[in-house]
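The lines below spell out each chain.
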Amino acid sequence: MNKLRHRVVYIPGLGDGADNGRSLALWFWRLFGVRADFVPMLWYDRESYESKLEKVLGAIDHAEAKGYAVTLIGESAGGSMAINAAQARPSIRRLMTIAGANDPGAKVSPVTLKRSPAFDWSMRSMKQSLGSFPASRTHTVRGMADHIVRTRHTVIKGAHNHTVPAVGHMMTIILCLTIFTPYIIWLVKKQD
């Protein structure tokens, strides 16, 4: 039996200042047998949505060309980008969001959207992307309570929707990148 070689392509949410911490946490995932490619979004740099999407697609293509089974993980605002990228690359093994902005109808602060036009376009583009990737290969992970991205905006109909014992948006993300890493890796590696 040919054992799958897993690779994660990780898309962060807003809060570009935390990228070094995210990258460091993801480096430790190799202890669980999974390498993660961190694709910085730099959401506030005014770079176009299309350019940011191309970076994600390039990371997927690079990993698949090396024979990896790719799981695409989008955190918070990165959930919208992950959903859009999954539509463009249905060859990925799995789509996962962590406290993800997975609902194109969710109310987002106009100030946030103005500061990050790429996030605005990612949310708008999700209207066509959502539902195009198989729900059977889609997983959402959320905390028990989140006042930034509400539960109803993280759940994807028909997907595997998981709740972890965490309260708060940032705490859920931090715990999924650290203490709950074994659970996230289990979801990445588990058989369908």
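Residues numbered from 1 in each chain as written. Predicted model: local features only at pLDDT ≥ 70, side-chain atom pairs only at ≥ 80, totals over all residues. Heavy atoms only, no water.

Enquirer: How should I be thinking about unusual backbone geometry in this particular structure?
Expert: What is expected of a backbone is that most residues other than glycine have negative phi and most peptide bonds are trans. Even without glycine at this site, Arg46 takes up a positive phi of about 75°. Relative to the helices and strands, Arg46 resides in the loop between strand 2 (35-38) and helix 2 (49-65). (Helix = DSSP H or I, 4+ residues; strand = E, 2+ residues; numbered from the N terminus.)

Enquirer: Would you explain the nonpolar core in this entry?
Expert: Nonpolar side chains in soluble globular proteins tend to be buried together. One finds Val9, Val56, Ile60, Leu72, Met81, Ile92 and Leu95 to be the most contacted residues of the largest nonpolar core, which totals 33 residues. Going through the elements one at a time, strand 1 (6-11), helix 2, strand 3 (69-75), helix 3 (78-88) and helix 5 (117-129) are the ones with two or more residues in this core. With 7 residues, helix 2 is the single largest residue contributor to this core. Look past the residues within four positions of Ile92 in its chain and what remains in contact with it is Ile60, Glu64, Val70, Leu72, Ala86, Phe133 and Arg137. Grouped together as the second largest cluster of nonpolar side chains are 23 residues, Val34, Phe38, Val141 and Leu177 included. (Core = buried A, V, L, I, M, F, W, Y, C linked by side-chain atoms within 4.5 Å. Buried < 20%, exposed > 50% of the residue type's maximum accessible area, 1.4 Å probe, protein only. Contact = heavy atoms within 4.5 Å.)

Enquirer: Is there a simple way to think about the layout of surface pockets in this case?
Expert: Picture a little ball the size of a water molecule; that probe, rolled over the atoms, points out where space is still empty. There is about 410 Å³ of room inside the largest pocket. Forming the walls of the largest pocket are 23 residues, and the residues nearest its centre are Leu14, Ser76, Val108, Ile148 and Val149. Listing elements by their share of the lining of the largest pocket, those giving two or more residues are helix 5 and helix 7 (169-177). At 3 residues, the largest contribution of residues to the lining of the largest pocket is made by helix 7. Among the residues forming the lining of the largest pocket, the class breakdown is 12 nonpolar, 7 polar and 4 charged. (1 Å grid on protein atoms, 1.4 Å probe; cavity = no way out; pocket = protein on both sides within 12 Å on 5 of 7 lines; lining within 4 Å. Points joined across faces, edges and corners; volume = space filled by probe spheres on them. Nonpolar A, V, L, I, M, F, W, Y, C, P; charged D, E, K, R; others polar.)

Enquirer: Any chance you could explain the pattern of salt bridges here in plain terms?
Expert: Applying the stated rule across the entire model yields 8 salt bridges. The partner of Arg89 in a salt bridge is Asp61, with the nearest N and O atoms 2.7 Å apart. Separated by 28 residues along the polypeptide, Arg89 in the loop between helix 3 and strand 4 (94-98) and Asp61 in helix 2 bring together distant segments of the chain. When its relative accessible area of 32% is taken as the criterion, Asp61 is described as partly exposed. Among the salt bridges present, the one from Asp120 reaches Arg124, with a minimum N-O distance of 3.0 Å. Linking Asp120 with Arg124, this pair stays in helix 5, spanning 4 residues, or about one helical turn. Residue classification places Asp120 among the buried positions, given a relative accessible area of 17%. Judged by relative accessible area, Arg124 falls into the partly exposed class, the value being 46%. Linked by salt bridges that have partners in common, Asp45, Glu47, Lys52 and Lys55 make up one network. (Salt bridge = Lys/Arg side-chain N within 4 Å of Asp/Glu carboxyl O.)

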